[in-house]
Amino acid sequence: MRCQDVHQFGQKLVRRQQLKPTEGSESPKARHLNTLDLVVLTVASTLGASVYILVGEVAMFIAGPAIVISFLVAAQSSALSGLCYAEFGTRVSWTSSAHLYSYISVGELWAFITGWNLILAYVIGLLALGAPGSTLLYKVFTGINVSVLSFIIVSGFIKGDLRNWKLTEQDYTLNTSASSATSRLGPLGSGGFAPFGFDGILQGAALCFYMFIGFDAILTKGEEALNPQRSIPMSTMITIFICFVVCFGVSAALTLMVPYHQIHPESPLPEALLLIGWGPARYVVAIGALCALTSSLLGDVFPMPRGVCMMAEDGILSRGLAQIHAHTGTPVRAIVSSGNLAAVMALLFKFSDLVDLLSIGILLAYSLVALSVLALRYQPDQKFSKKEKTEEEIEMKPKLEEKPPEPVSEAGNSNILKSLWFPTGTMPTWKSGQIVYGCAFLLVLLLIILSLVLAQWPSQVFSGDPVLTTVAVLLLLLITGVTVIIWRQPQDPSPLPFRVPALPVLPLVSIFLNIYLMVQMTSGAWIQFSVWNAIGFAIYSGYRIRHSLEENNEQQSPACTFQTPHPSIPAAESS
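Residues numbered from 1 in each chain as written. Predicted model: local features only at pLDDT ≥ 70, side-chain atom pairs only at ≥ 80, totals over all residues. Heavy atoms only, no water.

Regarding the overall build of the protein chain
Looking only at helices and strands, the protein chain has 23 helices and zero strands in total. Per-residue burial for the protein chain yields a buried fraction of 53% across its 575 residues. For the protein chain, long-range pairs separated by at least 24 residues make up 86% of all intrachain contacts whose partners lie at least 6 apart in sequence. Carbon and sulfur atoms form 65% of the exposed surface of the protein chain, whose accessible area is close to 25,400 Å². (Helix = DSSP H or I, 4+ residues; strand = E, 2+ residues; numbered from the N terminus. Buried < 20%, exposed > 50% of the residue type's maximum accessible area, 1.4 Å probe, protein only. Contact = heavy atoms within 4.5 Å. Areas by Shrake-Rupley, 256 points an atom, 1.4 Å probe, with all protein chains shown as cover.)

This is the structure:
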């Protein structure tokens, strides 16, 4: 009996949700947002007050002037993740949480991990209620914020000095001896454009990724977009590009105006303007920071309550959080609970600790979304899969009755290997879908090992160490071979408004970049992340397993199949 309980518990961890759009279930949200509105809403949420603080801290202690390269790496990782988000957003445009994407493709446990870590990002800011009419307010605040940041960029190019990107050790020896300032990599670097080396650039990129968190808020507005199939991909890429240009320009201006070792970590931009003799301009920066803070706090209301409500509706969190207030039509319990959690975390953690914690959680969530895209594209349609499975069972039944099972022969092994490289048909089958699942999880494991090797011993690997270089080369060969196996499998030919190009390479590159940035984080950040997820797993195992909505569903779909909704099918009713 105990073994049966363990088996049932394991099935609950890997089961997948089946999307079943019903007739007459059009989204109750009025579609009124165009591409510009989505860009404004997302830029408002992404370019928050942190850009006025985080740039100085990363430039002074971690990357130096090479922070501009850190933002480039972070932007590339965000763009790849954004493409994966865009495909899901156009495939299932009525959803409001990324956890559902993982739920229908890689299973319930990974869906909870995705949703739980996205909640971590949403609860950091205080919450405010929004309405359709608030779009104008977003445009005003975002316009002021971008204008102030543009003013800082222009100031940096006017008053900046290229010699600040070519500092020598003599330029900051006095500063180092006169203060106890240290970076994560030691003292204040070794001079030049990248004083902390390649490690500093990558560690800076892991933190700079925090500046791009927020583009997933576009998906929460898919129900209200006039043309989600077109506006979601376009607004995602435009938002990431705008955020990169602004962050790149601000960081370049700051490090040109002030030597990186003299940057004020808590108030970098106002102090930089004071140092170049533009003291009154500090008040302009204060106005921009206030507008950025207001718009980002308003922007948090869109993804947070809907994400929490979706998880509560699925039973992953308490279903009481999904209740909508009768008069206001808002998820009051979800908002209040998240606000209280945000207050507690703001009391217990410093800003830098929160950035580290959020970066790991969001990178993990984005990696799971990329894995979901990879898995979902190669899965068969549910009806076809059931028919195919029935035909296989009919064909195999007489054979099984004729002779007893025999051990797998060499010919059988040869057929299995042949099916990996030369699939029998052009349509995805249950078997080909299972091959993709197995290969995808194997690739994730290999990418984790490769990232750890490159992060721990980069100089030895690239200098030709016989052991480490051999290990890295073998890992690359295995990754290439498994990727080719996935590439050889047939894809689902169903038309989609937007498809991630270069499958399976692009999602795998996105996963690798995210994992590589994650391993750059400090051990303290990983400890905090482990504690956060341990709390989540305690909630999951104590509530979800006993109160699952899928548990009482007699028509539960098999763990290997799920239905891919067509964009023309009406959306399921949402709260």
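With respect to the packing of aromatic side chains
All chains considered together, the criterion is met by nine aromatic pairs. Taken together, a centroid distance of 5.2 Å and an interplanar angle of 65° make the contact between Trp-165 and Phe-193 edge-to-face. Here Trp-165 is found in the loop between helix H7 (135–159) and helix H8 (169–178), whereas its partner Phe-193 is found in the loop between H8 and helix H9 (197–208), with 28 residues between them in sequence. Plain terms: the ring middles of Phe-196 and Tyr-260 are 6.0 Å apart, the flat faces sit at 80° to each other, and that makes the pair edge-to-face. Residue Phe-196 is found in the loop between H8 and H9, and its partner Tyr-260 is found in the loop between helix H11 (228–257) and helix H12 (268–275); the two are separated by 64 residues along the sequence. (Phe/Tyr/Trp six-rings, centres within 6.5 Å; stacked < 30°, edge-to-face > 60°.)

What about helix H16 (residues 351–377)?
Spanning 27 residues, H16 covers 39 Å between terminal C-alpha atoms, matching the ideal 39 Å at 1.5 Å per step. Of all the 27 residues making up H16, 24 are buried; the element is thus mostly covered by neighbouring parts of the structure. (Expected span 1.5 Å × (residues − 1).)

Let's talk about the nonpolar core
If you look at the biggest cluster of nonpolar residues, it comprises 125 residues, and the most contacted ones within it are Tyr-52 and Phe-212. Ranked by residue count, the leading element in this core is H16, at 15 residues. Judged by nonpolar contacts, the second largest core, of nine residues, contains Leu-38, Leu-41, Ala-44 and Ile-232. (Core = buried A, V, L, I, M, F, W, Y, C linked by side-chain atoms within 4.5 Å.)

A few points about unusual backbone geometry
Each neighbour pair has its own omega, and for Leu-503 with Pro-504 the value is 5°, a cis peptide bond. If you trace the backbone, Pro-504 turns up in the loop between helix H21 (466–488) and helix H22 (505–518). Although it is not a glycine, Ala-502 sits at a positive phi angle of roughly 55°.

Some points on the pattern of salt bridges
For side chains of opposite charge, pairing can occur when their charged atoms come near one another. Inspection of every chain in the model, using the stated rule, returns two salt bridges. Put simply, Asp-161 and Arg-163 hold a salt bridge, and the shortest N to O gap is 2.9 Å. Judged by relative accessible area, which is 61%, Arg-163 ranks as exposed. (Salt bridge = Lys/Arg side-chain N within 4 Å of Asp/Glu carboxyl O.)

Considerations on the environment of Ala-370
Looking at the element boundaries, Ala-370 is found in helix H16. Considered as a pair, Ala-370 and Leu-506 are 136 residues apart in the sequence and their alpha carbons are 8.8 Å apart. With near-sequence residues (within four places) excluded, Ala-370 lies in contact with Cys-84, Pro-507, Ser-510 and Ile-511.

Considerations on the environment of Ala-322
Within the secondary structure, Ala-322 is located in the loop between helix H14 (303–313) and helix H15 (332–348). On the accessibility criterion, Ala-322 (14% relative accessible area) is buried. Residues Ala-322 and Val-308, 14 residues apart in the sequence, show an inter-C-alpha distance of 7.4 Å. The residues contacting Ala-322, other than those within four sequence positions of it, are Cys-309, Ala-312 and Glu-313.

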